[in-house]
Every structure is written in structure tokens, then in C-alpha cells.
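# Chains, contacts and geometry: an overview
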Amino acid sequence: MGFRVVLLGPPGCGKGTQAEKLNDDLGLIRLSTGDMLREAVRNGTELGKMAKTYMDSGGLVPDDVVIGLMKEKISTIKEGFVLDGFPRTVQQAEALDEFVDIQHVINFEVSDDELVKRLTSRRSCPDCNVVYHMIYKPPMKDGICDKCGATLYQRSDDTEETVRARLKVYRENTFPLIEYYDKKGILLNIDGEGSIMEIYDSIEEAL
Ligand SMILES: [Zn+2]
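This text gives an overview of the structure that appears in the document.

Each value, and the rule that gives it
For every chain, the first residue of the written sequence is number 1, and numbering continues from 1 onward in sequence order. Only residues with pLDDT of at least 70 are given local features in this predicted model, and only at 80 or more are side-chain atom pairs given and counted; all residues enter the totals for whole chains, interfaces and linings. Neither water nor hydrogens contribute to the side-chain values; these are computed over all heavy atoms in the structure. Under the scheme used here, helices are H or I runs from DSSP no shorter than 4 residues and strands are E runs no shorter than 2 residues, and both carry numbers assigned from the N terminus. The globule rule used here is 2.2 Å times the number of residues to the 0.38 power, and the radius of gyration it is set against is calculated over C-alpha atoms. Each residue gets one of three labels from its accessible area relative to the maximum for its type: buried under 20%, exposed over 50%, partly exposed in between, using a 1.4 Å probe on protein chains only. Contact definition: two residues touch when any of their heavy atoms are within 4.5 Å. Throughout, the Shrake-Rupley method with a 1.4 Å probe supplies accessible areas, and for residues the shown protein chains are the sole cover considered. When DSSP finds at least two bridges between two strands, those strands are taken to pair. Note on method: axes are straight lines fitted to C-alpha atoms, helices fitted across the in-contact stretch only, with angles between N-to-C directions ranging 0 to 180 degrees. In this listing, donors mean N, O and S atoms no farther than 2.8 Å from the metal, or 3.2 Å for Na, K and Ca; water is missing from the atoms, so a site can look incomplete. Any coordination sphere not matching a tetrahedral pattern (four donors, all angles between 85 and 135 degrees) or a square planar or octahedral pattern (four or six donors, opposite donors over 155 degrees apart, other angles between 65 and 115) is reported as irregular. Centre distance within 6.5 Å is the pairing criterion for rings of Phe, Tyr and Trp, where only the six-membered ring of Trp is used; planes under 30 degrees apart are then read as stacked, over 60 as edge-to-face, and the remainder as tilted. Only residues whose relative accessible area exceeds 30% and that form no salt bridge enter a patch; like-charged residues are grouped when within 9 Å of one another, and nonpolar side chains (Val, Leu, Ile, Met, Phe, Trp, Tyr) when within 5 Å. Salt bridge, as applied in this entry: a Lys or Arg side-chain nitrogen positioned within 4 Å of an Asp or Glu carboxyl oxygen. Within this analysis, the arc is defined by the directions that extend from the helix axis to the C-beta atoms. Here the positive residues are Lys and Arg and the negative ones are Asp and Glu; neither His nor the chain ends is included. Where a charge lies is defined by one atom per residue type: Lys uses NZ, Arg uses CZ, Asp uses CG and Glu uses CD.

### Description of the overall build of the protein chain
Secondary structure assignment for the protein chain yields 8 helices and 7 strands. Scaling as 2.2 N^0.38, a compact globule of 207 residues should have a C-alpha radius of gyration of about 17 Å, and the protein chain matches this with 17 Å. Taking all 207 residues of the protein chain together, the buried fraction comes to 41%. Within the protein chain, contacts between residues separated by at least 24 positions form 69% of all contacts whose residues are at least 6 apart in sequence. Carbon together with sulfur atoms contributes 50% to the accessible area of the protein chain, which is approximately 11200 Å² in total.

Quick look at the structure:
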């Protein structure tokens, strides 16, 4: 199997963009819990049906279902993968360690002020979930998704106040996870404030 990479970083740090580049250039499969849940529900697998009952009732899908899906998906991958947005807790990281040997954890370091600047300029695609940025990564046609042609929108939770509150929660929750991977000796801190290419180069170097 190819590279087995986890990307860690606050919302707006650019890890989704880097995950796409790693997919384009190295063929690493991008895995996110949201995409995986939607795929399992669409395919009507047993775990997908279970997940759907939680999603339909507006609840969070429990860890054992998410981890079960992750395990199923990873067992089908030969090219290597990059995990985007998972794990979020030490418990999830420990569960992941039971069935796969993660080689690198890349932690994107970006200041809160910079994140606020970025997050309030985001525009998202409602259909394919691609995220654009009016300054750093604008779509080719104003307000239109490059990939699927849908009309982009601004998420209501992209105001400064909610962004700062979200970042505070993220920092508190993720600190133990960063420590966990640091102790294992597989954590790589990457300066996430450079250009997309600069950041990508430092990731490639680190792998
Ligand atoms: Zn789209």
C-alpha cells in the first residue's frame, strides 16, 4: 500500500485543497467522514443504513459506525490514502491504529486571525462540496462551481463571531490529538500560511 497520511488542521487551514493535490499528483485517495457517510447511505450498505437512521433523526453518527465505515473503505484501497478531518479525538485515533498503520500526520499551523480572514471569504458548492475562496482560489466564473456548474453560496456559519468560537473549540479538542501523534513520533508541523504550492512542496518533502 502507498502512503497513509492523516491531515490535521483547523477549518480553513487549506488541508482540503492539499488533499486534492495529493490525490491529483500522487493518486492518494481522499477520505473524509462526510463523503464516506454519504456514499455508504447511497449504496445502502448495512453500516450505511445504520448511519442513515442517526442522520435522519438529526443526531451524530456514533464512533463505532464511522470507524466501521472507515475500516471497510480502507480495506479496498491499494494506492494509499489521505484522511481529511478524521480522527478528531484520541479515542478515534486509537481505534484507527487498530487496523491501519498511519505513517505521517501533517498538522497545518495557521493563526486564528489568518483563519478568520480566510473563512469569512469562503464560498461553497452545495452539490459537490468543493470550497472556493474569493482571494486565494476563486472559481473561473464568478459564483459558479468549476466542477459541476452549481451556484456557490456562503455558509451562514462563516461570520467572524462563529468562526472564532469554532476555532476555540477546535483548538481545545485537537490539542490532545496533536500530543498523541507527537508522542508516536509521526507528527509533522507545516506552516499553513504560505501559498498553495509552497505548502504542497513542504508536504512532499516531508513524505
Ligand atoms: Zn460543484
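Still to come is the rest of the account.
### Examining the sheet that holds strand 3 (residues 81–84)
Taken in spatial order, the 5 strands make up an open sheet running 2-3-1-4-7, and their pairing is parallel. Pairing within the sheet leaves two strands with one partner each, and these edge strands are strand 2 (29–31) and strand 7 (187–191). Strand after strand, the sheet turns through a mean of 25° between neighbouring axes, direction not considered. Sheet topology note: the strand 4 (residues 104–109)/strand 7 ladder contains 5 bridges and is parallel. The residue of strand 7 that forms the bridge with Phe 108 is Ile 190.

### Considerations on the coordination of the zinc ion
Binding of the zinc ion to the protein goes through Cys 125 (SG), Cys 128 (SG), Cys 145 (SG) and Cys 148 (SG), at separations of 2.3 Å. Geometry at the zinc ion is tetrahedral, judged from its 4 donor atoms and the angles of 101 to 118° they form at the metal. We note that the donor set of the zinc ion lies within a single chain, spaced as C-x2-C-x16-C-x2-C. Of this pair, Cys 128 sits in the loop between strand 5 (122–124) and strand 6 (131–133) while Cys 145 sits in the loop between strand 6 and helix 7 (160–184), and the two are 17 residues apart along the sequence. Cys 128 sits in the partly exposed class, given a relative accessible area of 29%.

### Looking at the packing of aromatic side chains
Inspection of every chain in the model, using the stated rule, returns 1 aromatic pair. Aromatic side chains Tyr 180 and Tyr 181 sit 5.2 Å apart centroid to centroid with 70° between the ring planes, which places their arrangement in the edge-to-face category. Among the residues examined, Tyr 180 registers a relative accessible area of 18% and is labelled buried. Of the residues examined, Tyr 181 reaches a relative accessible area of 0% and is grouped as buried.

### A short note on a nonpolar patch on the surface
Residues Met 134, Ile 135 and Tyr 136 make up a contiguous nonpolar surface patch of about 310 Å² in total accessible area. Structurally, the position occupied by Tyr 136 is in the loop between strand 6 and helix 7. Overall, the relative accessible area of 39% leaves Tyr 136 in the partly exposed class.

### Topic: helix 8 (residues 196–206)
Regarding helix 8, the residues found buried are Ile 199, Tyr 200 and Ile 203. Buried residues of helix 8 fall within an arc of 100° about the axis and therefore sit on the same side. Residues of helix 8 that are exposed and point more than 90 degrees away from the buried face comprise Glu 198 and Glu 205. Where helix 8 is buried, its residues touch helix 1 (15–26), strand 4 and strand 7.

### So, unusual backbone geometry
Negative phi values dominate among residues other than glycine, just as trans dominates among peptide bonds. Look at the link from Phe 86 to Pro 87: it is a cis peptide, with omega at -5°. Within the secondary structure, Pro 87 sits in the loop between strand 3 and helix 5 (90–97). The phi dihedral of Asn 129 falls on the positive side, at around 65°, and the residue is not glycine. Here Asn 129 lies in the loop between strand 5 and strand 6.

### Side note on a negative patch on the surface
A contiguous patch of negative charge on the surface is contributed by Glu 109, Asp 191, Glu 193, Glu 198, Asp 201, Glu 204 and Glu 205. For Asp 201, the location among the structural elements is in helix 8. The class of Asp 201 is partly exposed, set by a relative accessible area of 38%.

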